[in-house]
Amino acid sequence: MTTQADTETVEQLGKWKQTRYIELHRKLLGLKIKDSYLPVLDDHIRQIAKRFAQSNFVLQFEDVFPDEALFCELFWEASSIINEYFPDSKMESLQPSVIKKAANGWYQYSSLNDIAREIGISWEALSLCLKSAFHPILVRYSERLSPLVNQDSWRQRICPICGGKPDFAFLNKETGARWLICSRCDTEWLFLRLECPFCGNRDQDSLAYLTDEKELYRLYTCEQCRTYIKAIDLRRTEGEVLFPLERIVTLDLDRQASEAGYQPGW
Ligand SMILES: [Zn+2]
Ligand SMILES: [Zn+2]
């Protein structure tokens, strides 16, 4: 997926009935890197791409955090949007050093509890803010680097670019092969259809999927780790599918999964 997909998703969401949830996500997805930062960022990504082309490696925090000012600006913008919806989440006054520490923790999948407590906000709001600020940066990395990924040899449970966990999947049009989509940078990678993308379970008796009447969407579940992932079957779609939009369209599937006792795995 690309910056273009985000832009089109924001446009589509603008046409919908604006519930608070849709409005919040439309605004967060609309966050953009300032034009003045793009040449520096692109130059940095070009350097990384040279190394990446030689050996695919998961990018470390230092690789994806080339400029503190760029990140902090996106963070503050995201925080002022989030603050409109969660008034207790005051994050605009956070210092760059604290933001960088939190960003590092988020990128490594460390717990944000301690830092959120220090700041005096919920870790959920902090995590959403960090994810939203990282999104346009990481998508830019993905646009440049994902064509270099060797899909036949990857097949891992984490994103080949940023090491993120998947939060959506699709079955491709041609063969019905399952691809995962990174929850952080939207990179797509090929993965086994009969393996849990979170715990690696391959026991067919404890893996299942539910589907809707039209068999367009699937909810893959794992009894071993009690997680789920949503998927769309592209063999049953017409026209272009925007995955950032599909994540939001399928909110009801998250509700169904939660009611059945499954947790998101990402
Ligand atoms: Zn990723
Ligand atoms: Zn599992």
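What counts as what
Residues numbered from 1 in each chain as written. Chains lettered and ligands numbered in written order. Predicted model: local features only at pLDDT ≥ 70, side-chain atom pairs only at ≥ 80, totals over all residues. Helix = DSSP H or I, 4+ residues; strand = E, 2+ residues; numbered from the N terminus. Rg over C-alpha atoms; globule rule 2.2 N^0.38 Å. Buried ≥ 20, exposed ≤ 12 C-beta atoms within 10 Å, placed from the backbone. Contact = placed C-beta atoms within 7 Å. Domains from an automatic or database assignment. Nonpolar A, V, L, I, M, F, W, Y, C, P; charged D, E, K, R; others polar. Expected span 1.5 Å × (residues − 1). Arc of directions from axis to C-beta.

(A) Looking closely at the overall build of the chain. Scanning the chain for helices and strands turns up 10 helices and seven strands. In terms of overall size, the chain behaves like a compact globule, its C-alpha atoms giving a radius of gyration of 18 Å where 266 residues would be expected to give roughly 18 Å. Across its three principal directions, the C-alpha atoms of the chain cover 50 × 45 × 35 Å. A total of 266 residues make up the chain; the buried ones form 33% of that total. By sequence separation, contacts in the chain at least 24 residues apart represent 61% of the contacts at least 6 residues apart.

(B) How the structure looks around the domain arrangement of the chain. As far as domains go, the chain holds domain 1 (3-148) and domain 2 (166-264). Distance from the C-alpha centre of domain 1 to the C-alpha centre of domain 2: 24 Å. Contacts between the two partners involve 15 residues from domain 1, matched on the other side by nine residues from domain 2. Going through the elements one at a time, α1 (3-14), α2 (20-29) and α8 (123-145) are the ones with two or more residues in the side of domain 1 that touches domain 2. With six residues, α8 is the largest single contributor of residues to the side of domain 1 that touches domain 2. Tallied by class, the residues present in the side of domain 1 that touches domain 2 amount to seven nonpolar, five polar and three charged.

(C) Representation of α1 in the model. Between its first and last C-alpha, α1 extends 17 Å over 12 residues, near the 16 Å set by a 1.5 Å rise per residue. Of all the positions in α1, only Asp-6, Thr-9 and Leu-13 are classed as buried. End-on, the buried residues of α1 take up no more than an arc of 60°, which puts them together on one face. Away from the buried face of α1 by more than 90 degrees, exposed residues Gln-4 and Gly-14 are located. Buried residues belonging to α1 abut α2, α8 and α9 (243-249).

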